[in-house]
Amino acid sequence: MVTADVDLVLERYPNASRDSLIPILQDVQQAHGYLSRDAVVRIGAHLRLPASKIYGVATFYNQFRFQPQGVNHVQVCRGTACHVKGSAAILDAIKRELKIDIGQTSRDGQFSLEIVACIGACGLAPVICVNGDFHAGVSTKSVAKIIASYRKASQNDKSENS
Amino acid sequence: MSAPIRNSSDLDRAQAAGEATRHPQRLKVLVGSASCGVAVGAREIESAASSTVQELGLDAVVCRTGCIGFCGREPMLDLVLPGGLRISYGNMTPEKARQLIAGYAKSGDLQPAWALGHFHNEELVSTGEVRTYSEQSVGLKGIPRWSALDFESRQKKVILRNCGLIDPNSLNETIACGTYRGAFRALVQMEPDAVIDAVAESGLRGRGGAAFPTGQKWRLARQAAADRKYVVCNADEGEPGAYMDRTVLESDPHAVLEGMLIGAYAIGATEGFIYVRNEYPLAIEILENAIDEAEKHGLLGENIFGTPWSFHVTVRRGAGAYICGEETALIESLEGHAGEPRNRPPYPVTAGLWGKPTVVNNVKTWASVAPIITRGAAWYAKMGTKRTPGTTIFSLEGCVKNAGLVEVPFGITLRELIYDIGGGIVGDRPLKGLQAGGASRGCIPPSLLDLAIDTEDRDGETIMIGTGGIIALDDRACMVDMARFLVGFFLEESCGKCVPCREGSKQMSHLLGRISEGQGTPADLSLLERLAKTVRSAAFCGMGSMGSNALLTTLTHFREEFETHIRDKKCPAGVCRIGRGR
């Protein structure tokens, strides 16, 4: 399944050269959620680059992950405007709520947590982003509710599917 | 449908079509739908508005627009009445939207209590045309003019000229505001050198922070002999607290594309790249749509305006590295490498992307170009200061009352920005300092509020606010915590290439941690200072010295607060967790 995903991306980049590396990594991560070892090796074969070079580029950038992310991906903005409005406490509250640290995925695979240097919605600070949806002006209290709503939504999905 | 636009009568036709949707002969409900608006519920407002229109069977349309800049009042909704008068409402909810639309349909009630202001006129900056709308309409009583609001009255919009006035996904609507007239004039009626002369005479400087004269940069690239040249738009807006580039891309993408087209023609480039932060998905979507539309209508691609000239633009997503805002690191990243800065010289204007002459300009710079061509260099040069003509965008954030994006001429003071436009500090608390112009600028005290903003620091006269983010800090902020935060940011973003930045930031962060936890000694403070000075002078690139800059500036202005943390083991602002464990 991994290989199919990766090959599908690579088909869109025939005769690709080095400058397509980052777009390819982005597309593979989008399709598959993270960059697996297999994926990196396949990309290397396609671009005629050793896997070590690809890891060198991929680990330089914050965007790339090497482990699967949770069903719900939580991003906490740690920009200056959010910091001034208490994002450090927000981050602590989320860590406690999810019982995971930055860069980790919860054991049940439901949540992963990431910090972002600045999400660019500074007028609405502090901001968090779950699965691409912004939540503005959050507080240590409101984040617990926000997380509970995503937890509930994915439990409902599960029971519908089973 | 997608007839090519080749001449000015084609532009006129598109303008008429755009005007018809901008000001329809019926009620138009306009929802501010840039990221800030969406974050606080613009989509819910939009569906409430649509269902109200449908349920009541009203002769009305519901449309999206970009961001008008008043972020602190989002979500925003506007009513555009038949005839063109527009009324703007802030802090909307779906329920208020329903009531407003239903009330207006029933009795013409404009709910003055919810309104921020009405637009009695509108200036189309690209053409200079000013339109006035009748204020005779019923029910305007109690609704101030938008142009008279504290937040608006000092502003002068050039870069943000069409933001919040048009649907960013509509090529016709941007053309209705004069977009692509500048490109038409440049490509069809002007020689490349004349275009460069105009940009040079306008005095436009790069808006990315370094403030290099744009005309000079273009001339150097034009003079460089090469078989290929490139133009690049730097939209890797990584500076915490700055989001004006995102707003421009989300609200008026064609302003940037038109600027790049003019620049490409001027230097002789046929290919351009826009490097956008991956954290800006909506901006990327809108930009890609804009490029598609422009290509379909012959405004990008081959034989633009029927001339032999061709220009292709590609969007590249950044992958999350602050350093890629530095132009040579950005070029490295475009080539598919880790974004580590290059040695300069050679500068990108002679050897940039794939070793070819490359002009890299910021979003705001590109968006400033077209009006210079249509209105003339002299018009532009009249705004701003002698050193830096024109306007730029600031974001007012933190503890300021009117949070949002404002565009003003250079030369305005920080006090005017914070107290006149920004309305002062929330709760009328005392202002303790500002974190302004980018993380590397550290924190500055209120004693500098009366300096005029320019692109250089001149003692007692001007202050440089590089990247435009202005975060107001009230008396509840701790400057040791701020310094720790800023140094921590640069530590996180260090690329690891050189020892002073990689290891120095780590040690500075460690020492600041000790001080903020109440374990610092006077010796730590002097060590910190010596270390910061060493890192500043020894780091390989500009970014390497930024963390120490931030620290040294903050320390210079707020030394006493550092000393209190060390001597009394106390955080006066109560932010640092001294004695409370971590």
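Residues numbered from 1 in each chain as written. Chains lettered and ligands numbered in written order. Predicted model: local features only at pLDDT ≥ 70, side-chain atom pairs only at ≥ 80, totals over all residues. Heavy atoms only, no water.

## Overview of the nonpolar core
Here is the rule we go by: For our purposes a nonpolar core is just a set of buried Ala, Val, Leu, Ile, Met, Phe, Trp, Tyr and Cys residues, chained together by side-chain atoms within 4.5 Å. Three labels apply to residues, based on accessible area from a 1.4 Å probe with only protein chains included: buried if under 20% of the type maximum, exposed if over 50%, partly exposed otherwise in between. Comment: elements are numbered from the N terminus, with helices defined as DSSP H or I runs of at least four residues and strands as E runs of at least two. Whether two residues are in contact is decided by their heavy atoms, any of which lying within 4.5 Å being enough.
Counting 142 residues, the largest nonpolar core has A:Ile43, A:Tyr61, B:Tyr180 and B:Trp218 as the members making the most contacts within it. Per-element accounting of this core gives the leading share, 10 residues, to helix α11 (residues 253–267) of chain B. Ignoring any residue separated from it by four or fewer positions in sequence, one finds A:Tyr61 in contact with A:Ile22, B:Tyr275, B:Ala319, B:Gly320, B:Ala321, B:Cys324, B:Ser333, B:His337, B:Ala338 and B:Gly339. Core analysis: the second largest hydrophobic core is formed by 36 residues, B:Leu124, B:Val408, B:Leu414 and B:Leu434 among them.

## A short note on the sheet that holds strand β1 (residues 72–77) of chain A
Residue and element names in this part refer to chain A. Threshold: Being paired, for any two strands, means DSSP has found at least two bridges between them. Orientation is described by lines fitted to C-alpha atoms, with helices fitted over the stretch in contact, and by angles between N-to-C directions that extend from 0 to 180 degrees.
Taking strand neighbours across the sheet as the criterion, the 4 strands line up as β2-β1-β3-β4 in an open arrangement whose pairing is mixed. Looking at strand neighbours, the two that pair on one side only are β2 (111–116) and β4 (133–135), the edges of this open sheet. In this sheet, adjacent strand axes meet at a mean angle of 25° when their direction is disregarded. Direction of pairing for β1 relative to strand β3 (residues 128–130): antiparallel, over a ladder of 3 bridges. The partner of Val 74 across the bridge, within β3, is Val 130.

## Focus: the packing of helix α9 (residues 214–223) of chain B against α11(B)
All names here are of chain B. We apply this condition: Angles below 35 degrees are treated as roughly parallel, those above 145 as roughly antiparallel, those between 65 and 115 as roughly perpendicular, and all remaining angles as oblique. Note on residue categories: nonpolar means Ala, Val, Leu, Ile, Met, Phe, Trp, Tyr, Cys or Pro, charged means Asp, Glu, Lys or Arg, and polar means any other residue, Gly included.
Between α9 and α11, whose axes approach to 8 Å, the crossing angle comes to 45°. If you check the angle between α9 and α11, you find them oblique. Taking contact as the criterion, the partners of Trp 218, Ala 221 and Arg 222 in α9 are, on α11, Gly 263, Tyr 265, Ala 266 and Ile 267. For the contact of α9 with α11, the per-class residue count stands at 5 nonpolar, 1 polar and 1 charged.

## Some points on helix α3 (residues 42–55) of chain B
Residues and elements named next belong to chain B. Note the cut-off: Here the expected span of a helix is defined as 1.5 Å times the quantity of residues minus one. Arc, as used here, means the arc of the directions from the helix axis to the C-beta atoms.
For α3, with 14 residues, the first-to-last C-alpha span of 20 Å sits near the 20 Å given by 1.5 Å per residue. Taken together, the buried positions of α3 are Ala 42, Ile 45, Glu 46, Ala 48, Ala 49, Thr 52 and Val 53. Taken end-on, α3 shows its buried residues confined to a sector of 165°, consistent with a single buried face. Across from the buried face of α3, at angles greater than 90 degrees, the exposed residues are Gln 54 and Glu 55. Of the surrounding secondary structure, the elements contacted by the buried residues of α3 are β1 (27–32), α2 (35–39), β2 (60–65), β3 (77–80) and α4 (94–107). Looking one or two residues past α3, Gly 57 carries a phi angle of roughly 60°, positive in sign.

## Brief notes about a negative patch on the surface
Counted only if it meets this: Only residues above 30% relative accessible area that lack a salt bridge enter a patch, with like-charged residues linked at up to 9 Å and the nonpolar side chains Val, Leu, Ile, Met, Phe, Trp and Tyr linked at up to 5 Å. We get accessible surface area from the Shrake-Rupley algorithm with a probe of 1.4 Å; when it comes to residues, only the shown protein chains can shield them. By salt bridge we mean one thing: a side-chain nitrogen of Lys or Arg within 4 Å of a carboxyl oxygen of Asp or Glu. His residues and chain termini do not enter the charge count, which takes Lys and Arg as positive and Asp and Glu as negative. Throughout, a charge is located at the NZ atom of Lys, the CZ atom of Arg, the CG atom of Asp or the CD atom of Glu.
Taken together, B:Glu285, B:Glu288, B:Asp292 and B:Glu295 make up a surface patch of like negative charges. Note on placement: B:Glu295 falls in helix α12 (residues 281–296).

## Brief notes about the packing of α3(B) against α4(B)
Residue and element names in this part refer to chain B. Selection criterion: Two helices that cross are described as forming a left-handed crossing if the nearer one is turned anticlockwise from the farther one by less than a right angle, and a right-handed crossing if clockwise.
It is the contact of α3 with α4, at a shortest axis distance of 8 Å, that shows an interaxial angle of 30°. The two elements α3 and α4 cross, and the hand of that crossing is right-handed. Listed contacts from α4 to Glu 44, Ile 45, Ala 48, Ala 49, Thr 52 and Val 53 of α3 are Pro 94, Ala 97, Arg 98, Ile 101 and Ala 102.

## Let's talk about the domain arrangement of chain A
We apply this condition: Where each domain begins and ends is defined by an automated method or by a domain database.
Looking at the assigned domains, one finds that chain A contains domain 1 (2–60) and domain 2 (72–160). Here the C-alpha centre of domain 2 of chain A lies 29 Å away from the C-alpha centre of domain 1 of chain A.

## Some thoughts on helix α18 (residues 499–516) of chain B
Residue and element names in this part refer to chain B. With 18 residues, α18 should reach 26 Å at 1.5 Å per residue; the first-to-last C-alpha distance of 25 Å fits that figure. All buried positions along α18 are accounted for by Cys 501, Gly 504, Ser 505, Met 508, Ser 509, Leu 511, Leu 512, Gly 513, Ile 515 and Ser 516. Elements that come into contact with the buried residues of α18 comprise α17 (479–493), α19 (522–538) and α20 (546–567). Just downstream of α18 lies Gly 518, where phi reads positive at about 80°.

## Quick look at the pattern of salt bridges
Residues and elements named next belong to chain B. Applying the stated criterion across every chain, the model contains 52 salt bridges over all chains. A salt bridge links Asp 78 to Arg 86, with the shortest nitrogen-to-oxygen separation between them at 2.5 Å. With respect to class, Asp 78 is no different from Arg 86; both count as buried. When the shortest N-O distance is used, the salt bridge between Glu 327 and Lys 217 registers 4.0 Å. Here Glu 327, found in helix α13 (residues 327–334), pairs with Lys 217, found in helix α9; they are 110 residues apart in sequence, far enough to count as distant. For the pair Glu 327 and Lys 217, one class covers both residues: buried. A cluster of three or more residues bridged by salt bridges with shared partners is formed by Glu 19, Arg 22, Glu 122, Glu 129 and Arg 131.

## A few points about the side chain of B:Ser494
Residues and elements named next belong to chain B. Stated precisely, the cut-off is as follows: Throughout this description, a polar contact denotes any pair of N or O atoms lying within 3.5 Å of each other; where both atoms belong to protein, one of them has to be capable of donating a hydrogen while the other can accept it, and for residues adjacent in sequence the pair is counted only when both atoms sit in side chains.
Among the secondary structure elements, Ser 494 is positioned in the loop between α17 and α18. Owing to a relative accessible area of 17%, Ser 494 belongs among the buried residues under this scheme. Within polar-contact distance, the side chain of Ser 494 engages the backbone nitrogen of Gly 496 at 3.4 Å.

## Some words on the side chain of B:Glu239
Within the element layout of this structure, B:Glu239 appears in the loop between β8 (230–235) and α10 (244–251). Within the local environment of B:Glu239, its side chain forms a polar contact with the side chain of B:Tyr322, the two groups lying 2.7 Å apart. B:Glu239 has contacts with A:Cys118, B:Tyr322, B:Gly438, B:Ala439, B:Ser440 and B:Thr467, leaving out every residue within four places of it along the chain.

## Here's the deal with the domain arrangement of chain B
You'll often see interface size given as the accessible area lost when the parts meet. When the domains of chain B are assigned, the result is domain 1 (21–152), domain 2 (179–380), domain 3 (391–474) and domain 4 (479–579). Between the C-alpha centres of domain 1 of chain B and domain 4 of chain B there is a distance of 47 Å.

## Regarding unusual backbone geometry
Looking along the chain, the bond that leaves A:Ala125 and enters A:Pro126 is cis, with omega of -10°. Residue placement: A:Pro126 occurs in the loop between β2 and β3. The omega torsion across B:Arg344 and B:Pro345 is -5°, close enough to zero to call that bond cis. Mapped onto the elements of the fold, B:Pro345 is located in the loop between α13 and β11 (358–362). Of note in this structure, A:Arg48 is not a glycine but carries a positive phi near 55°. Its place among the elements puts A:Arg48 in the loop between α3 (37–47) and α4 (51–60). For A:Arg48, a relative accessible area of 76% translates into the label exposed. The backbone of B:Asn91 shows a phi angle near 50°, a positive value even though the residue is not glycine.

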